[in-house]
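Next come the chains, spelled out residue by residue.
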Amino acid sequence: MTLRIAYSPCPNDTFVFDAWAHGRIPGAPALDVTFADIDITNGMAERGEYDVLKVSYAVLPWVLDEYALLPCGGALGRGCGPLVLIRDPAGADGADPAGANPTGTDPAGAARRTGADLAGKTVAVPSERSTAYLLFRLWAADVVPDGVGKVVVMPFHEIMPAVRDGKADAGLVIHEARFTYQDYGLHCLADMGEHWESVTGLPIPLGAIIAKRSLGAETLRLLAESARTSVRMAWDDPEVSRPYVLEHAQEMDPAVADRHIGLYVNEFTADLGADGYAAVRGLLTRAAAEGLVPPLGPGALSFV
C-alpha cells in the first residue's frame, strides 16, 4: 500500500518524516510525498485530495468529517508562536517595543503600546485558515479595537520581504522566521504564542497530521505508530535526516534549521497527550465562541 501524503519542506516536517519517507520503518505503508506550503495543504484537506496531510489546527473544524487527527507527528509547543512583524519599531508612545528585550520580542509591552497602530493597515498572513491567523485574530480582538484594514495571503517565505519592501504594513510569520526576521531589518510587534500561553496556560497548537477516516481504524493506528517511530528514529540519530532536511530547507543556514527542529519537534510531536489535546480543544472552542470557526461536534478529535 502506498499513501499520498503532503507536508511542508520545513525542517521540522522533513526531520519528522525522513525515516518513514525513505522506507526505513518496517511494516509502515510506503509514502508518495508532495511538498507544499501550509495554505496549499489546508486547501487539499478541504477538497479531500490526499490520504495524509500536515495542516493547520485551525482548519480541523472544516475537515474532521473526512479526516481523523493523528495523535502524533504534528507541531505544538511553548515559546514557538507566530510573530507580528513591522518595519518601524516606534510604538504609539515613540518607544521601541523591543527596547527592553534584545531578542526583539516584548509582546506584553509592544502589544499594549502599538497593537492599535495596525488599525486600517495591511497585514500579510500565511493562510486565512492557518493556526497563526486564528491566534492573530484572537489577539487582535483584544488589542486592535478598530480592526486591521486588509489581510493578504502569501507564502510564508514571501512575507518578510513584503514587509521590508513596504508591500504590507505588517506580517504574520511562522517557522524559522522567528530566528531570521532581524536580518530583514524588521521588528517584533507581538508574539501570538506568548499571548496565547499567558491567557490559557496551554501549549500552542500549530500544525496537525490528519489521515482519511476511510482508511479504517487498523490503518489509522498503523499510521500513528509509523509517525511516532519516525520521530523517535530521527531523535536517535539526527545526522541521518540531515541531508533530507537541508535538501528541502530553501537554502536555510544549517544552524537555523537545527534551531527550527529543536523548537518545533518536541514531546508533543511524539504524542499529543492530555495537554496537547486540551490545547487543541481550547483553541477551537475559543475560536468557535468568537464565530471564527464552526463548532466541533462530539468526539470530533477522537482518533479511532
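In the block above lies the structure referred to throughout.
Analysis parameters
- Residues numbered from 1 in each chain as written.
- Predicted model: local features only at pLDDT ≥ 70, side-chain atom pairs only at ≥ 80, totals over all residues.
- Heavy atoms only, no water.
- Helix = DSSP H or I, 4+ residues; strand = E, 2+ residues; numbered from the N terminus.
- Rg over C-alpha atoms; globule rule 2.2 N^0.38 Å.
- Buried < 20%, exposed > 50% of the residue type's maximum accessible area, 1.4 Å probe, protein only.
- Areas by Shrake-Rupley, 256 points an atom, 1.4 Å probe, with all protein chains shown as cover.
- Lys, Arg positive; Asp, Glu negative; His and termini not counted.
- Charge placed at Lys NZ, Arg CZ, Asp CG, Glu CD.
- Pairing = 2+ DSSP bridges.
- Axes fitted to C-alpha atoms, helices over the stretch in contact; angles between N-to-C directions.
- Contact = heavy atoms within 4.5 Å.
- Polar contact = N/O pair within 3.5 Å; in protein donor to acceptor, adjacent residues only side chain to side chain.
- Core = buried A, V, L, I, M, F, W, Y, C linked by side-chain atoms within 4.5 Å.
- Phe/Tyr/Trp six-rings, centres within 6.5 Å; stacked < 30°, edge-to-face > 60°.
- Lys NZ or Arg CZ within 6 Å of the ring centre and 35° of its normal.
- Salt bridge = Lys/Arg side-chain N within 4 Å of Asp/Glu carboxyl O.

**Things to note about the overall build of the chain**
Moving on, step 1. Of regular secondary structure, the chain possesses 13 helices and eleven strands.
Moving on, step 2. Compactness check: the chain gives a C-alpha radius of gyration of 19 Å against a globular reference of 19 Å for 304 residues, within 12% of the reference.
Moving on, step 3. When its C-alpha atoms are laid out on the principal axes, the chain stretches across 60 × 40 × 30 Å.
Moving on, step 4. Relative to its 304 residues, the chain shows a buried fraction of 56%.
Moving on, step 5. Accessible surface for the chain amounts to roughly 12,200 Å². Of this, 49% is attributable to carbon and sulfur atoms.
Moving on, step 6. Taken together, the 24 basic and 39 acidic charged side chains of the chain have centroids lying 4 Å from each other.

**Observations concerning the sheet that holds strand E9 (residues 170-173)**
Moving on, step 1. Here five strands make up an open sheet; going across it, the order is E8-E7-E9-E6-E10 and the pairing mixed. Single-partner strands in this sheet number two, and they are strand E8 (150-153) and strand E10 (187-191). Each adjacent strand pair in this sheet contributes to an overall mean axis angle of 25°, direction not counted.
Moving on, step 2. Bridge analysis of strand E7 (residues 122-125) against E9 gives two bridges, and the strand direction is parallel. Residue pairing across strands places Ala124 opposite Gly171, the latter belonging to E9.
Moving on, step 3. Packed on one face of the sheet, helix H6 (residues 156-164) meets strand E6 (83-86), E7 and E9 and runs near 160° to E9.

**Structural notes on the pairing of E8**
Moving on, step 1. With four bridges connecting them, E7 and E8 associate as parallel partners. Looking at E8, one finds that Ala124 is bridged to Val152.

**Overview of helix H8 (residues 192-200)**
Moving on, step 1. Turning to H8, its buried residues are Met192, Gly193, His195, Trp196 and Glu197.
Moving on, step 2. Considering only its buried residues, H8 is in contact with E6, helix H5 (131-143), E9, E10, strand E11 (204-212) and helix H13 (273-289).
Moving on, step 3. Its side-chain oxygen at 2.8 Å from the backbone nitrogen of Gly193, Asp191 defines the N-terminal cap of H8.
Moving on, step 4. Just beyond H8, the residue with positive phi is Gly201, at close to 75°.

**Side note on the nonpolar core**
Moving on, step 1. Residues Leu53, Leu60, Val84, Phe136 and Trp139 are the most contacted members of the largest nonpolar core, which totals 61 residues.
Moving on, step 2. The greatest single-element share of this core, amounting to nine residues, is contributed by H5.
Moving on, step 3. Core analysis: the next-biggest nonpolar cluster, separate from the first, contains 31 residues, Val16, Phe17, Ala211 and Ala234 among them.

**Let's talk about the side chain of Asp18**
Moving on, step 1. Its location among the elements puts Asp18 in helix H1 (residues 11-21).
Moving on, step 2. Filtering out sequence-adjacent residues up to four positions away, Asp18 remains in contact with Arg24, Ser230, Val240, Ser241 and Tyr244.

**Some words on the packing of aromatic side chains**
Moving on, step 1. Summed over the entire model, instances satisfying the criterion amount to six aromatic pairs.
Moving on, step 2. Pairing Tyr133 with Phe136 gives two aromatic rings, centres 6.2 Å apart and planes at 20°, and the pair type is stacked. Of this pair, Tyr133 and Phe136 both sit in helix H5, three residues apart, which is roughly one turn of the helix.
Moving on, step 3. Through successive ring pairs, a cluster of aromatic residues spans Tyr7, Phe17, Trp20, Phe35 and Tyr244.
Moving on, step 4. Lying across the ring of Tyr50, Arg4 places its NZ or CZ 4.1 Å from the centre.
Moving on, step 5. One Lys or Arg, Arg129, reaches over the ring of Trp62 and ends 3.7 Å from the middle of that ring.

**A few points about the pattern of salt bridges**
Charged atoms that come close allow side chains of opposite charge to pair.
Moving on, step 1. The tally for this structure, following the rule as stated, stands at twelve salt bridges.
Moving on, step 2. Note that Asp258 and Arg242 form a salt bridge whose closest N and O atoms lie 2.9 Å from each other. Placement of Asp258 in helix H11 (residues 254-264) and of Arg242 in helix H10 (residues 238-247) is noted, with a sequence separation of 16 residues between them.
Moving on, step 3. Judged by its relative accessible area of 24%, Arg242 falls in the partly exposed class.
Moving on, step 4. One salt-bridge network, held together by shared partners, links Glu225, Arg228 and Asp271.

**Notes on the side chain of Thr180**
Moving on, step 1. Checked against the element boundaries, Thr180 lands in helix H7 (residues 177-180).
Moving on, step 2. Exposure remark for Thr180: the relative accessible area of 15% places this residue in the buried category.
Moving on, step 3. If sequence neighbours within four positions are ignored, Thr180 has contacts with Met160 and Val256.

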